[in-house]
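Results of the structural survey
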Amino acid sequence: MNDTDGTWKTVPWNQRKFHRKAKKQCNHVAVNQECYISAKPVQFHLNQISCKVKELCGSTFCAEFLAALHNAFGNERHVKEIVCYALGTPTESKSSAYQLAMLAIIRQFLADIDKLSTMCEIKEFMEYFSKSFLRKKDVVLENVKCSLFDPVFTMQDRKLINDLSMDVLKENEEGRREATDETLFYMIHSDKWITNNLLWKNWSTENLNNLLVVGNSFMSIYERTPSSYLKADYKYLYLVNELDLYSEIQLPVYKYKEDTFNDTSVLWFPAKKLILAEAELRKSYQENCPTYSE
Ligand SMILES: C[S@@+](CC[C@H](N)C(=O)[O-])C[C@H]1O[C@@H](n2cnc3c(N)ncnc32)[C@H](O)[C@@H]1O
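What comes next concerns the included structure. (Residues numbered from 1 in each chain as written. Predicted model: local features only at pLDDT ≥ 70, side-chain atom pairs only at ≥ 80, totals over all residues. Heavy atoms only, no water.)

**Concerning the sheet that holds strand β4 (residues 145-149)**
Stated precisely, the cut-off is as follows: Strands are labelled as partners when DSSP assigns at least two bridges between them. Labels follow the DSSP assignment, with helices taken as runs of H or I lasting at least four residues and strands as runs of E lasting at least two, numbered in each case from the N terminus. Contact definition: two residues touch when any of their heavy atoms are within 4.5 Å. Every angle, taken between N-to-C directions, lies between 0 and 180 degrees, and every axis is a line fitted to C-alpha atoms, over only the stretch in contact when it is a helix.
What the 7 strands build is an open sheet, ordered β5-β4-β3-β6-β7-β9-β8; its pairing is mixed. In the strand order of this sheet, the two ends are held by β5 (167-168) and β8 (247-250), each with one partner. Against the sheet, helix α4 (residues 94-112) touches β3 (81-85), β4 and β6 (183-187), its axis set at about 170 degrees to β6.

**Brief notes about the side chain of Asn196**
Within the secondary structure layout, Asn196 lies in helix α7 (residues 192-201). Setting aside residues up to four positions removed in sequence, Asn196 forms contacts with Asp233, Tyr234, Lys235, Tyr236, Leu237, Pro290 and Tyr292.

**Overview of the pattern of salt bridges**
Pairing between side chains becomes possible if they bear opposite charge and their charged atoms approach one another. Applied cut-off: Salt bridge, as applied in this entry: a Lys or Arg side-chain nitrogen positioned within 4 Å of an Asp or Glu carboxyl oxygen. Three exposure classes are used, based on accessible area relative to the maximum for each residue type with a 1.4 Å probe and protein chains only: buried under 20%, partly exposed in between, and exposed over 50%.
Scanning all chains against the criterion turns up 12 salt bridges. Between Glu127 and Lys131 there is a salt bridge, and its shortest N-O distance comes to 3.5 Å. Highlighted residues: Glu127 and Lys131, both in helix α5 (residues 119-132), separated by 4 residues, approximately one helical turn. Residue classification places Glu127 among the partly exposed residues on the basis of a relative accessible area of 49%. Across the salt bridge formed by Glu278 and Arg282, the nearest N and O atoms sit 3.9 Å from each other. Placement of both Glu278 and Arg282 in helix α13 (residues 278-284) is noted, with a separation of 4 residues, approximately one turn of the helix.

**Remarks on the nonpolar core**
Operational definition: For our purposes a nonpolar core is just a set of buried Ala, Val, Leu, Ile, Met, Phe, Trp, Tyr and Cys residues, chained together by side-chain atoms within 4.5 Å.
Counting 58 residues, the largest nonpolar core has Phe65, Leu66, Met102 and Tyr186 as the members making the most contacts within it. Broken down by element, this core gets its largest block of residues, 12 residues, from α4. In this structure, Phe65 is in contact with Met102, Ile106, Tyr186, Val214, Leu251, Phe261 and Val266, ignoring residues within four places of it in sequence. With 32 residues, the next largest nonpolar core counts Val83, Tyr85, Tyr234 and Ala277 among its residues.

**Describing the packing of aromatic side chains**
Just so we agree on the cut-off: Within 6.5 Å between ring centres, the rings of Phe, Tyr and Trp (the latter by its six-membered ring) count as paired, and their orientation is classed by plane angle as stacked under 30 degrees, edge-to-face over 60, tilted in between. Counting as a charge over the ring demands two things of the Lys NZ or Arg CZ atom: a distance within 6 Å of the ring centre and an angle within 35 degrees of the ring normal.
Tallying each qualifying case throughout the model produces 19 aromatic pairs. Residues Tyr254 and Phe261 carry aromatic rings whose centres are separated by 6.5 Å and whose planes lie at 80 degrees to one another, so their mutual orientation is edge-to-face. Here Tyr254 and Phe261 have matching classes, each one buried. Among the aromatic residues, those joined into a ring-pair cluster are Phe61, Phe65, Tyr98, Tyr254, Tyr256 and Phe261. Looking at Lys52, its charged tip hangs above the ring of Tyr98, at a distance of 5.1 Å from the centre. Residue placement shows Arg77 over the ring face of Phe73; its charged tip is 4.7 Å from the ring centre.

**Some remarks on the packing of α4 against α5**
Our working rule: Every angle not falling under 35 degrees, over 145, or within 65 to 115 is termed oblique; those three ranges are roughly parallel, roughly antiparallel and roughly perpendicular. In this scheme, a crossing is called left-handed if the near helix is turned counterclockwise away from the far one by less than a right angle; it is called right-handed if the turn is clockwise. For this scheme, ten residues count as nonpolar: Ala, Val, Leu, Ile, Met, Phe, Trp, Tyr, Cys and Pro. Four count as charged, namely Asp, Glu, Lys and Arg, and the remainder, Gly too, count as polar.
For the pair α4 and α5, interaxial distance at closest approach is 11 Å and the crossing angle is 125 degrees. The orientation of α4 relative to α5 falls into the category oblique. Crossing of α4 over α5 shows right-handed handedness. Of the residues in α5, those in contact with Ala104, Ile105, Gln108, Phe109 and Asp112 of α4 are Ile122, Phe125 and Phe129. Residue classes in the contact of α4 with α5 are distributed as 6 nonpolar, 1 polar and 1 charged.

**Overview of helix α11 (residues 235-242)**
Of all the residues in α11, the buried ones are Tyr236, Leu237, Tyr238, Leu239 and Val240. Buried residues in α11 make contact with α7, α9 (218-224), α10 (227-233) and α13. Downstream of α11 by one or two residues, Asp244 has phi in the positive range, about 50 degrees.

**Quick look at the site of the ligand**
Basically, it comes down to this: Any residue with a heavy atom positioned within 4 Å of a molecule or strand is treated as near that molecule or strand. Pairing of N or O atoms within 3.5 Å defines a polar contact, subject to two protein rules: one partner must be a possible hydrogen donor and the other a possible acceptor, and residues neighboring in sequence count only if both atoms are side-chain atoms. Each accessible area is a Shrake-Rupley estimate made with a 1.4 Å probe; only the visible protein chains count as cover when residues are assessed.
Around the ligand sit 16 residues in total, of which Ala86, Gln99, Asp150, Asn172 and His189 are the nearest. Asn172 is positioned with one of its side-chain polar atoms (N or O) 2.8 Å from a nitrogen atom of the ligand. One of the backbone nitrogen or oxygen atoms of Ile188 is found 3.0 Å away from a nitrogen atom of the ligand. Protein chains bury 77% of the 590 Å² of accessible surface belonging to the ligand in isolation.

Have a look at this one:
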């Protein structure tokens with residue numbers, strides 16, 4: 001349409017192409033030269049998470065995941081806080097979106113864990129949660145604080161996370177967070193150095209006992225990585241195996257999105273094991289924060 005006289009006019013081919021290109025680029029809004037954010041409304045991403053919550057809640061994978069968390073910490077211990085590192089960008093990556101959906105399920109599960117001990121109760125919880133997710137803000141959630149950090153988070157990711165009543169950490173802790181209370185570290189497919197920093201920061205019987213980790217399988221790491229390499233570069237990760245400090249439940253693969261939770265385990269540090277290694281723990285600790293060659 002011609003703007004000035006209201007008559008139709010053929011648009012030259014090169015202008016049409018330019019127009020299409022410009023429209024495509026409109027899906028991204030420039031924030032600065034290096035960083036682009038997806039311009040889809042946050043409601044779109046919330047709906048995506050909601051679909052994934054429903055899908056996961058209908059799976060045996062999710063039931064086994066929650067049962068593993070229950071077995072690791074049992075009824076006596078309660079997770080007070082969840083810290084998530086290395087999620088990736090949930091508004092741009094499907095795997096990260098699935099991991100965020102699972103995090104939302106886990107958070108409510110941990111808030112309700114006292115009432116959920118049998119597999120039947122866990123399945124009832126999943127059914128209820130998939131129906132009520134985003135419809136009813138459960139006050140119980142306030143009992144389990146949930147904070148996330150990944151340097152790649154976009155503004156859309158941050159908004160999405162906030163809309164799920166979760167916080168984005170202001171500081172890049174690089175895994176160096178002291179667990180003075182029972183804390184779940186949710187760090188799927190994170191790099192070894194983040195895990196090594198976390199272990200270093202909590203290298204005492206009291207603190208290690210407070211850690212519940214969902215992350216890369218330690219068993220797989222020890223099987224695949226030469227111990228001389230681990231010893232040189234990731235001392236605390238190496239010592240966890242050497243001193244036999246940990247227990248692990250390997251999670252099954254999620255068959256509908258196999259690269260999302262593959263090689264993932266629930267890991268914890270039982271008091272019995274830690275007490276036996278108390279002297280070694282004290283002896284091996286070095287005050288200087290670990291540094292890495294790569
Ligand atoms: C291998 S990716 C895993 C992403 C996602 N969880 C997945 O499974 O697809 C590792 C992630 O660690 C993040 N990362 C790097 N440094 C970090 C830090 N200091 N704190 C938290 N996350 C970090 C990277 O940005 C990246 O998103």
